[in-house]
Amino acid sequence: MKKYRGIFPALVTPFDEKGRVDADRMQRLVEKNLRQDVAGFYVGGSTAESYLLSMDERKYALEAVMEAVQGTEASVIANVGVFATEHGLALADHARRAGVSAISSVPPFYFPFCMEEYIHYYNTLAERAQMPVILYNIPAMSGVTFKKEDIQRLFENENIIGMKHTSYDLFQLQQLIQEYPEKNIFIGHDEILLCAFSVGAEAAIGSTFNFMAEKFVRLLKLMNEGKQREALKLQDQANRVIQVLCEVGVFKGVKAALKFQGYDCGLCREPFLPLSKREERRLYETLLENDCL
């Protein structure tokens, strides 16, 4: 089983002036992050506005990423989460043919499925997709909370190789890392990355890595060198930025930050609205103060 380590940006989906997925901008963003020594990319997740995209748009965006990483050592993980199992399998089949390293999936949401149905969903995906599967634990967005015994049942399937843990439950994170050393447990909250790595995490998937990858790559290097205080300073800088992103809207804010850096990825798709001038100014000043521009 492949072990993933390092920083994985959860890529935004760039749009052009007419609101169409822009492959050129996507590839430019990938190339920017490759220069900052990221380990790979998470494509089609929440940050990508994936549930505001059509199936064809999600496929097109993934194809653009795969073309950009060709010839590199970067791993690509594709989120295939969607409401219906058959649609998830269709996205998984496309991802496998595109050449991704693994697929991931948020649990089907909106309808009140029971845990048996979630477990059946993931096992079906793992058995029929012919690809390694990474669970996507994000209770704040999906409304689904996986208990320890639920995860144990899922991890019995050898094709389920890990979990994206987008939860503030560091106790559960530490338990999973200790009890399943062969699995890949990604931390999904950038603001507690240092805490997560201190209890054994080795890989992270995050929204702010789109424009702060270099800062987090450096943070991990300092931590590995035993320079905890210096690493904490970088986490503090990142968290000052993240606090403002939470105030103005994370996905909109990430795209605005990229634009300030010279990587215009367009606006978020409606019903998201653009940042106000006041919000843009506050974000810009915070980025400047924390060495992000």
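Note: the structure precedes this text.
Here is what the cut-offs are and how they apply
- Residues numbered from 1 in each chain as written.
- Predicted model: local features only at pLDDT ≥ 70, side-chain atom pairs only at ≥ 80, totals over all residues.
- Heavy atoms only, no water.
- Salt bridge = Lys/Arg side-chain N within 4 Å of Asp/Glu carboxyl O.
- Helix = DSSP H or I, 4+ residues; strand = E, 2+ residues; numbered from the N terminus.
- Buried < 20%, exposed > 50% of the residue type's maximum accessible area, 1.4 Å probe, protein only.

**Considerations on the pattern of salt bridges**
Item 1. Overall, the coordinates contain 15 salt bridges when judged by the stated rule.
Item 2. Arg 96 is the partner of Asp 93 in a salt bridge, and the nearest nitrogen-oxygen pair spans 2.5 Å. Of this pair, Asp 93 and Arg 96 both sit in helix α3 (residues 85–98), separated by three residues, roughly a single helical turn.
Item 3. The partner of Arg 240 in a salt bridge is Asp 236, with the nearest N and O atoms 3.0 Å apart. One end of the pair, Arg 240, and the other, Asp 236, are both in helix α10 (residues 228–248), four residues apart, so they sit about a helical turn from each other.
Item 4. Since its relative accessible area comes to 47%, Arg 240 is described here as partly exposed.
Item 5. Its relative accessible area of 36% is what places Asp 236 among the partly exposed residues.

**What to know about unusual backbone geometry**
Item 1. Geometrically, the link from Glu 270 to Pro 271 is a cis peptide bond, its omega value of 25 degrees lying close to zero.
Item 2. In this fold, Pro 271 is placed in the loop between α11 (250–260) and α12 (277–289).
Item 3. Residues other than glycine seldom take positive phi values, yet Glu 49 does so here, at roughly 60 degrees.
Item 4. You can see Glu 49 is positioned in the loop between β2 (40–43) and α2 (55–69).
Item 5. At Gln 130, a position not held by glycine, the phi torsion is positive, near 60 degrees.

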